[in-house]
Amino acid sequence: MKKSGFALALLGAVAGAASAQSVTLYGIVDASINYQTPGDNVNGGESVWQLSGDGSQQSTAGSRWGIRIAEDLGGGLTATAVLESGFNSDTGTSGQSGRLFGRQSYVGIRSSALGEIRMGRQQTMSYEMMTIIDPGSNASATTIREAISIQRAGFGVAGAPGATRDTYQMFGTYGDRRDNAVHYYTPSFGGFEAALYVAAGEGSIPRTNGGKLVFKGGQLQAGFSYEQAEKVDGSSAGGKSLTVGASYDLGVAKLHAGYNEVRDFGFVNGGTNGFALSPLVEDSDAYTIGATVPLGKVTVLANYTAATFDLRGGGDRDLSKVAVAAQYGLSKRTLAYASYERKSGDLSDFATDKSNVTVFGVRHAF
């Protein structure tokens, strides 16, 4: 009996220790069939059919899997960690240039009274602001990267074909994530929440830093973020990005609006963490409006975004985009969707996807 009692006590202690830590496996698998028509100056303007599974084009979100960890340390403290890996569901290959945990990779300590500090690869503040500005955020077919950015759409100072190409965003967020970042998030004070971060400049990578202030109360969410990339010795890279936005839930519809300005326009080089000054664009200004309309199991999302790019060689170019999507909830975790978007303006003929129709898409979350 004593041995049995001891064994039960030991099992109870182990169970108690195990319950103090939670480990959650989660993910999203998304794929869509797209009909894409590029601008006249891109690949001869030839339309193509594509199967997309990496969150680009008109998919609802990037496919991913991740591990979320939390351990109760007592005294109001919690240890946290997130490891999140992106992948391409259409090919089975890794995303973010083959990084194992290219979406997020951080560890932190959270205090119920003092807030949370995180260290590692994390999202930028301007990217986090899009959860307020962008209709449906990462649940819609008009998500941030597609509703308010130009994917690999290059253009020249004189608007000539074959000019320098890179990712010129309509909303300049300096990329979704930064390496070597230390983030601090405050607790909520009367609905106000603030955050600050510094991403250390290591080697030739410039240091970036920024912050945000957000208010969440009732039907209203509003806030702003500011980020800058500091110059590295011998480099002209640097820049500043301001994003302001709000959303208001009317019940029958949720309205979204945002404004962004970038000075000393820069871009993040592909899947690396490099940051370079744009040889083409000096400054940009953009705004966006949108709506999320729930209709039972169907949700309709709409978005309009317009941007003006001031060129280093003088003059400016503009680009606008309209997008609409409908998604149908097959269950709490699975949805089917379709969407349409089209770009217009001076730069539309240099856009990789001047128009794009999602014929059919499916997203499953676990």
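Everything numeric in this text was worked out from a predicted model, so none of it was measured. (Residues numbered from 1 in each chain as written. Predicted model: local features only at pLDDT ≥ 70, side-chain atom pairs only at ≥ 80, totals over all residues. Heavy atoms only, no water.)

Caption draft 1: View of the overall build of the protein. Tallying secondary structure elements over the protein gives three helices and 19 strands in all. Across the 366 residues that make up the protein, the buried fraction comes to 46%. The contacts in the protein between residues at least 6 apart in sequence include a share of 57% that link residues at least 24 apart. A total of about 16,500 Å² of accessible surface is found on the protein, and carbon and sulfur atoms cover 60% of it. (Helix = DSSP H or I, 4+ residues; strand = E, 2+ residues; numbered from the N terminus. Buried < 20%, exposed > 50% of the residue type's maximum accessible area, 1.4 Å probe, protein only. Contact = heavy atoms within 4.5 Å. Areas by Shrake-Rupley, 256 points an atom, 1.4 Å probe, with all protein chains shown as cover.)

Caption draft 2: Highlighting the nonpolar core. Grouped together as the largest cluster of nonpolar side chains are 17 residues, with contacts concentrated most on Val 281 and Phe 309. Elements represented by at least two residues in this core include exactly helix 2 (125-133), strand 15 (281-295) and strand 16 (298-311). Residue contributions to this core peak at four residues, all from helix 2. Judged by nonpolar contacts, the second largest core, of six residues, contains Met 125, Tyr 185, Tyr 197 and Ala 199. (Core = buried A, V, L, I, M, F, W, Y, C linked by side-chain atoms within 4.5 Å.)

Caption draft 3: Structural context of the pattern of salt bridges. Summed over the entire model, instances satisfying the criterion amount to nine salt bridges. For Lys 212, the salt bridge goes to Glu 128, with nearest N and O atoms at 2.8 Å. Residue Lys 212 is located in strand 9 (residues 208-217), and its partner Glu 128 is located in helix 2; the two are separated by 84 residues in the primary sequence. By relative accessible area, Glu 128 is classed as buried at 12%. Each of Arg 99, Arg 121 and Asp 179 takes part in one network of salt bridges that share partners. (Salt bridge = Lys/Arg side-chain N within 4 Å of Asp/Glu carboxyl O.)

Caption draft 4: Seen up close, the environment of Thr 334. Residue placement: Thr 334 occurs in strand 18 (residues 334-344). For Thr 334, a relative accessible area of 17% translates into the label buried. Setting aside residues no more than four positions away along its own chain, Thr 334 makes contact with Tyr 328, Gly 329, Val 362, Arg 363 and His 364.

Caption draft 5: Seen up close, helix 2. With eight of nine residues buried, helix 2 is to be regarded as a mostly interior element. Regarding helix 2, the residues found buried are Met 125, Ser 126, Tyr 127, Glu 128, Met 129, Met 130, Ile 132 and Ile 133.

Caption draft 6: Focus on the confidence of the model for the protein. Here the protein averages 81 in pLDDT, and 76% of its residues register 70 or above. Taken as a whole, residues 139-166 scores under 50 in pLDDT and shows 110 contacts with residues more than four places along the chain or in a different chain. Every residue in residues 269-273 scores below 50 in pLDDT, and together they form 13 contacts with partners more than four places removed in sequence or on other chains. (pLDDT = per-residue confidence, 0-100.)

Caption draft 7: Structural view of the packing of aromatic side chains. The tally for this structure, following the rule as stated, stands at four aromatic pairs. Between Trp 65 and Phe 101 the ring centres are 5.8 Å apart and the planes differ by 65°, which places this aromatic pair in the edge-to-face class. Of this pair, Trp 65 sits in strand 3 (residues 64-74) while Phe 101 sits in the loop between strand 4 (77-86) and strand 5 (104-111); the two residues are 36 residues apart in sequence, bridging distant segments of the chain. Over the aromatic face of Tyr 26 sits the side chain of Arg 68, whose NZ or CZ is 4.2 Å from the ring centroid. Lying over the aromatic face of Tyr 127, Arg 177 brings its terminal NZ or CZ to 6.0 Å of the ring centre. (Phe/Tyr/Trp six-rings, centres within 6.5 Å; stacked < 30°, edge-to-face > 60°. Lys NZ or Arg CZ within 6 Å of the ring centre and 35° of its normal.)

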